[in-house]
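Structural characterization, general
Each chain is listed here by its residues.
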Amino acid sequence: MSADTPLSKRAWQKLFETGLEPQLVTDPGGRVLAANQAAVRLLDSSDCPLIGSSVADLVEESERSRIVGLLRRVREGSPGPLESEADLRAGRGDSTRVS
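Once a new chain begins, its residue numbering starts again from 1 and follows that chain's sequence as written. Owing to the predicted nature of the model, reporting of local features is limited to residues with pLDDT of at least 70; listing and counting of side-chain atom pairs is limited to 80 or more, with chain, interface and lining totals taken over all residues. The side-chain numbers reported here are obtained from all heavy atoms of the structure, hydrogens and water having been left aside.

Thoughts on a nonpolar patch on the surface
Within the patch definition used here, like charges are joined within 9 Å and nonpolar side chains (Val, Leu, Ile, Met, Phe, Trp, Tyr) within 5 Å, considering only residues with over 30% relative accessible area and no salt bridge. Residue exposure ignores everything except the shown protein chains as possible cover, and the areas themselves are Shrake-Rupley values with a 1.4 Å probe. In the sections that follow, a salt bridge refers to a side-chain nitrogen of Lys or Arg positioned within 4 Å of a carboxyl oxygen of Asp or Glu. Side chains of Leu7, Trp12 and Leu15 sit close together on the surface and give an oily, nonpolar patch of about 310 Å² of accessible area. Put simply, DSSP H or I for four residues or longer makes a helix, DSSP E for two residues or longer makes a strand, and each gets a number counted from the N terminus. Within the fold, leucine 15 resides in helix α1 (residues 9-18).

Quick look at the environment of proline 49
You can see proline 49 is positioned in the loop between α2 (37-43) and α3 (55-58). Residues proline 49 and valine 32, spaced 17 residues apart in sequence, show a C-alpha to C-alpha distance of 9.9 Å.

Here we look at the pattern of salt bridges
Going through the model one piece at a time under the given rule, you end up with two salt bridges. Two residues, glutamate 63 and arginine 66, come together in a salt bridge whose shortest N-O distance is 2.1 Å. Ionic pairing is found between glutamate 76 and arginine 72, a salt bridge with its closest N-O pair at 3.9 Å. Judged by its relative accessible area of 57%, glutamate 76 falls in the exposed class. Summary of the burial criterion: residues with accessible area below 20% of their type's maximum are buried, those above 50% are exposed, and those between are partly exposed, where the area comes from a 1.4 Å probe applied to protein chains only.

All we've got here are geometric facts, nothing functional implied.
Structure representation (structure tokens):
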């Protein structure tokens, strides 16, 4: 494959699935549609399935309004990078800081 040949959908999927950084794909409302293996290891638990859950439910309660606001700006098409940090409720009951 040459440097200017686009990666196939299958190659992108493999990169997503095997990436070391936790990644979530959400719908415009913030519902998790897909998660890579690293995200599942970090967040998934038997009492709170990851797929179909709201991103807002995955963060500590004190962070929810800020994350909901960020998702709203994404839906509205706000220009520029939208970055944030949050304390996630990891599946084992502990909290993990992410950005």
